[in-house]
Every structure is written in structure tokens, then in C-alpha cells.
Amino acid sequence: MSKLEARLNSFEYHERISSLREIAKLVQRKEVELTPQLGIVNMHCHTFFSYNAYGHSPASLAWLAKKKGFAAIGIVDFDVLDGVDEFLSACELLGIRGSAGIETRVFVPEFATREINSPGEPGIYYHMGIGFTSSQPPIEVAPILTSMRTRAARRNREMLERLNVHLAPLGVNYEADVLPLTPAGNATERHMLAAMIKAAEQVFPDQEERVKFWSRKVGAENEQIAAIINDYAKFSNLLRSRLMKKGGAGYVQPSPQSFPTIEEFHRLIVGCGAVPCATWLDGLSEGEQAIDELLDLLIGKGAAALNIIPDRNWNISDPETRLLKVQKLHAMVKTAGALHLPLNVGTEMNSPGNRLVDDFSAPAMAPLNGAFMAGAYFIYGHTVLQSTRRWGYQSDWARTRLPERRARNAFYETVGRRATPGEARVRRLFDLPSASSPDAVLDALAYDY
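A few points on the structure. (Residues numbered from 1 in each chain as written. Predicted model: local features only at pLDDT ≥ 70, side-chain atom pairs only at ≥ 80, totals over all residues. Heavy atoms only, no water.)

## Structural notes on the overall build of the chain
Looking only at helices and strands, the chain features 19 helices and seven strands. Taking 449 residues into account, the globule formula puts the C-alpha radius of gyration at 22 Å, and the chain, at 22 Å, falls close to it. Summarising its shape, the C-alpha atoms of the chain cover approximately 70 × 55 × 45 Å along the three principal directions. The buried share of the chain, reckoned over its 449 residues, is 57%. Pairs at least 24 residues apart make up 72% of the contacts formed inside the chain by residues separated by at least 6 positions. (Helix = DSSP H or I, 4+ residues; strand = E, 2+ residues; numbered from the N terminus. Rg over C-alpha atoms; globule rule 2.2 N^0.38 Å. Buried < 20%, exposed > 50% of the residue type's maximum accessible area, 1.4 Å probe, protein only. Contact = heavy atoms within 4.5 Å.)

And the structure:
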């Protein structure tokens, strides 16, 4: 099993899929011990098609969820849809509820002078789409996805050029040192960090000399670097904050042209039959303190769900900060409920040290679990109907029959609760007439007969 699981993270597609099929056979024969399904979900996991701190491929994440008893799991990658087909197929094979999404940064001109959820970058906003059912966008919106990937690569290359100057005698080559760390050429800042850390180990094999090098380059005391240099999570996060974020040698303040507009990103999302999803950090920035204004703007442009990363809003050592952020978290969940925005929650897994799944038993989390689980079932319900009949949340079928957002949300949540991948009841959807009502859909999923 350990060998099969390791091959799930191979950069070779055929190795991942053959290993997944072998694991599925073992599960079917009940030769693998599985955790009984728990009331936990992780709907925001980056795969190795952008960056996963544990190296997980889409297939590997589906297996992780099945093995650990998740009720559902969702992937979200930066600027690409490369993992969607593999992930949803793996979820179907293993019998786990799954959803697939994309994340990028957009420019919000109405907030051009206010920081929102991208620290130090007024007007720049981390934004998402969830509920995709294919890696291939329709031809009319495909250029938007291509542009997002091209812009991301351009930003990376320009950043690396500046960092190479600053980090001399280190020299990292984007093609030779960075891109091989990715399975499909979509590198991120964290891939560049890994390449730089490896380059430093080669140039300065003596750790004491390496400590001195990094101390000079990031403006830290030798003792500070020495204390964390063997702790990859802390060390890489320090380098990223000192070198790549605002004030760092590789950083350049983005312009409105650096990222797509909300409207452009939404055209891609809706064109793919997916759901625009707002995101929330912690409620402390100037932009997020104007959350009613921000969400009103985003909903007006088509946002229909909200993403939250709960762990960073309660799992905090400082008591005062924890109290403040927990209050903000609970208030945000309440606001989302009032605005009929289903919640998409998860841990990201794109930074070393991120949890594999949230602690749903934590006192700060327990009162919110109902809303978190409802959001997971909602987006899975959309995914089921979009993939089987093109009756997803954005479809003409849904808009005609369920024009009011609260009723539409409740319908897709119920679909998500009743539908389980691979079961006969999902196959019944294919037999429904094209003019079927929402009640007919729920009836088809309601009974085992």
C-alpha cells in the first residue's frame, strides 16, 4: 500500500491512475482499513498542479479523503484547471464526494485604494470559482484561462530575475531548476523557493556558511536563521515573506494589468458552468472591514458562495488575537448566511504545516459545522447535476425553475446530501426527462429501489 500511495504522486499520469485502480480494487475487496465516514470536509486543497506542501496529486487527495473518512473533498488550484478531470474521476472511482475549483488574484477598481485580502496590495483580491466539471473550458472562454496562466508565468520569471541578482552567487534557472518541480509547468512562488533553498545547499554545503548567507540576504540575525533552517515550514515561510512579499528583493507592486478583472474571471467561471466564489481572510483589513460593501459588489457581479480558511482564524497562540479573529469568523459565517452564500471551507495544504483537514471538534469550530457541511453538500450537488445533465447552479434549467437564490441553494444542498458517487441513484438522473422539475430530481435521488 505504501508503494501504491507513493505512486499516486508520480508526475506520470499513467502511474497515478494505475495505482489508483489497484487501490480501488483493494477497497472493493475490503482488504484496506478505512476510517468510517466522519462529519469532516476539506473543500480547499491545492494539488501539485499548483503547489501542495505534501506533494499530493488530485488522485492522491481523493484517496486521502476516502481513507480518512472525509464526507467530501474539494481541490482548488492557482490559475489552472489541470487537475479537474483526474480528481473527479478518482472521486467517482473511490466513491467520495468531490468538487473542483480555481483560484487567482483579480483587480477590484472599486477598492483600488483599500487592502482587501492580499496583504500590502490595495485593490488586489484573491478570488475563486468552484464546481468545475472539466479541465477543458469551452472555446469561447479558453483564452481567459490561457491568459491567466501566461500572466502567472511572466510574474514568476520577472521575480526570479530580480531574486537572482539579489541572491548572487546563487543562480536559479526557471526552466532547468523550477519547472521540473511541477507536473505540468505551472510553477508558483513556493516552487521557486524550493529551487532556491536547494541551490543554496549546493553552493554552501556547510550549514554554518549557509546560515550566514541567508542571514545577509534576508536581513536576519544568524541565530534566527540557525534556529529554523532545518524546519522547512518555518524557514521557507520566512524566506518567502522577506524575499517575495512587499519590501522583498523580488517583489514589485502589481498594477491593475497584472491580473484579470472580476468580470473577466467570472466569464471564465460561468462559461465553464461553475460558481463564482468570494473569499475572506480574517476581517481585519480596510477592505474586509467594509465587508457589506465588498460582498454587495461581488454578489452584484455574480458571486454566489464564500470561501473561508477557518484554521487561521482560531488556531492562534496569542489569546487576544485568537478572541478577535474567532469573533470575526463567527460574524462572517452569520453574514454569509444572511446573504445566502454557501460556504466553501478548507485548509489549502499549499504551505508546509497546513492541516490535512480542519479540526471540526475545536470549540471555535463546533457551532459553525452545520454551515460548513451544508456548503460542501451544496457544491457537490451542483457538481453532480452539472456533470450528469448540465443542470448546475448557473444553468438555464436552474435559473428558470429556481430563480430565488435561497431556494436554489437548498435544492443543491439536498442533492449533495442524497447523491453518492457510484450509486445507482445518481445514474437515475440520466433517465429523467429534460423538462424535469427540481422535485423530480430529488425524488429520483430519494430512494433505493
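## Remarks on the side chain of asparagine 42
Among the secondary structure elements, asparagine 42 is positioned in strand 1 (residues 41-45). The residues contacting asparagine 42, other than those within four sequence positions of it, are Phe70, Ala72, Ile73, Gly74, Val345, Gly346, Thr347, Met349, Arg355, Leu356 and Val357.

## Some points on the environment of arginine 389
With respect to the helices and strands, arginine 389 occurs in helix 15 (residues 369-389). In this structure, the C-alpha to C-alpha distance between arginine 389 and valine 80, residues 309 residues apart in sequence, is 24 Å. Contact partners of arginine 389, with chain neighbours within four places excluded, come to Leu429, Phe430, Leu432, Pro433 and Ser434. Of the polar contacts made by the side chain of arginine 389, one reaches the backbone oxygen of leucine 429; its length is 2.8 Å. Only 2.6 Å separates the side chain of arginine 389 from the backbone oxygen of leucine 432, close enough to count as a polar contact. (Polar contact = N/O pair within 3.5 Å; in protein donor to acceptor, adjacent residues only side chain to side chain.)

## Side note on the nonpolar core
Membership of the largest hydrophobic core comes to 107 residues, with the highest contact counts inside it found for Val41, Ile73, Leu306, Ile308, Phe411 and Val441. Considering each element in turn, this core owes the most residues, nine residues, to helix 15. In contact with isoleucine 308, other than residues within four places in its own chain, are Trp280, Leu329, Met332, Val333, Leu343, Asn344, Val345 and Gly346. Counting residues in each nonpolar core, the second largest holds 30 residues, with Leu170, Phe204, Phe213 and Met244 among its members. (Core = buried A, V, L, I, M, F, W, Y, C linked by side-chain atoms within 4.5 Å.)

## Structural notes on the packing of helix 3 (residues 58-68) against helix 4 (residues 84-94)
For any two helices packed against each other, one specifies the crossing angle of their axes together with the interaxial distance. Taken N-terminus to C-terminus, the directions of helix 3 and helix 4 make an angle of 30°; their axes are 8 Å apart at the nearest point. As summarised for this structure, helix 3 and helix 4 are arranged roughly parallel, according to the angle between their axes. Of the two elements, helix 3 crosses helix 4, and the hand of that crossing is right-handed. The segment helix 3 lies against helix 4, with Pro58, Ala59, Leu61, Ala62, Trp63 and Lys66 engaging Glu86, Phe87, Ala90, Cys91 and Leu94. (Axes fitted to C-alpha atoms, helices over the stretch in contact; angles between N-to-C directions. Parallel < 35°, antiparallel > 145°, perpendicular 65-115°, else oblique. Left-handed = near helix turned anticlockwise from the far one by under 90°.)

## What to know about helix 11 (residues 262-271)
Think of an α-helix as turning once every 3.6 residues; residues three or four places apart then point the same way. When we look at burial in helix 11, the residues that qualify are Ile262, Glu264, Phe265, His266, Leu268 and Ile269. Elements in contact with the buried residues of helix 11: strand 3 (97-107), strand 4 (124-130), helix 5 (142-166), strand 5 (275-280) and helix 13 (291-300).

## Quick notes on the packing of aromatic side chains
Counted by the stated rule, this structure contains 12 aromatic pairs. Between phenylalanine 48 and phenylalanine 49, the ring centres sit 5.2 Å apart and the planes meet at 90°, which makes this aromatic pair edge-to-face. Comparing phenylalanine 48 with phenylalanine 49, the two get one shared label, buried. Among the aromatic residues, those joined into a cluster by ring pairs are Phe378, Trp391, Tyr393, Trp397, Phe411 and Tyr412. Seen from the ring of tyrosine 393, arginine 408 lies directly overhead, with NZ or CZ sitting 4.6 Å from the centre. (Phe/Tyr/Trp six-rings, centres within 6.5 Å; stacked < 30°, edge-to-face > 60°. Lys NZ or Arg CZ within 6 Å of the ring centre and 35° of its normal.)

## Structural notes on the sheet that holds strand 1
Pairing in this open sheet of seven strands is mixed, and the strands run 1-2-3-4-5-6-7 from one edge to the other. Since the sheet does not close on itself, it has two edges, and those belong to strand 1 and strand 7 (343-345), each with one partner. Here the strands of the sheet are splayed against their neighbours by 30° on average, with no regard to which way each runs. The pairing of strand 5 with strand 6 (residues 305-308) spans four bridges and is parallel. Bridging from a neighbouring strand, cysteine 277 pairs with alanine 305 of strand 6. Where helix 4 meets the sheet, it contacts strand 2 (72-78) and strand 3, and its direction lies at approximately 155° from that of strand 3. (Pairing = 2+ DSSP bridges.)

## A short note on the pattern of salt bridges
Opposite charge on two side chains permits pairing when their charged atoms draw close. Across all of its chains, the model carries 18 salt bridges by this definition. Put simply, glutamate 293 and arginine 114 hold a salt bridge, and the shortest N to O gap is 3.0 Å. Note that glutamate 293 is positioned in helix 13 and arginine 114 in the loop between strand 3 and strand 4, a separation of 179 residues in sequence. Under the relative-accessibility criterion, arginine 114 is labelled buried at 14%. A salt bridge links glutamate 209 to lysine 212; the shortest N-O distance between them is 3.8 Å. Of this pair, glutamate 209 and lysine 212 both sit in helix 8 (residues 207-218), three residues apart, which is roughly one turn of the helix. Linked by salt bridges that have partners in common, Glu110, Glu263 and Lys301 make up one network. (Salt bridge = Lys/Arg side-chain N within 4 Å of Asp/Glu carboxyl O.)

## Quick look at the packing of helix 15 against helix 17 (residues 405-418)
Following both chains from N to C, one finds helix 15 and helix 17 inclined at 85°, their axes separated by 6 Å at the closest point. Taken as axis vectors, helix 15 and helix 17 run roughly perpendicular relative to one another. For the pair formed by helix 15 and helix 17, the contact residues are Ala374, Tyr377, Phe378, Tyr380, Gly381, His382 and Leu385 on the first element and Asn409, Phe411, Tyr412, Glu413, Val415, Gly416 and Arg417 on the second. Among the residues forming the contact of helix 15 with helix 17, the class breakdown is eight nonpolar, four polar and two charged. (Nonpolar A, V, L, I, M, F, W, Y, C, P; charged D, E, K, R; others polar.)

## Thoughts on the environment of proline 276
Here proline 276 lies in strand 5. A sequence separation of 95 residues divides proline 276 from leucine 181, and the C-alpha atoms of the two residues are 30 Å apart. Apart from residues no more than four positions distant in its own chain, proline 276 is found in contact with Met128, Gly129, His266, Ile269, Val270, Gly302, Ala303, Ala304, Ala305 and Gln394.

## Remarks on helix 10 (residues 232-243)
The terminal C-alpha atoms of helix 10, which comprises 12 residues, lie 16 Å apart, in line with the 16 Å expected from a rise of 1.5 Å per residue. Those residues of helix 10 not exposed but buried are Ala233, Phe235, Ser236, Leu238, Leu239, Arg240 and Leu243. Of the surrounding elements, those touching the buried residues of helix 10 are helix 5, helix 7 (189-203), helix 8 and helix 9 (222-228). (Expected span 1.5 Å × (residues − 1).)

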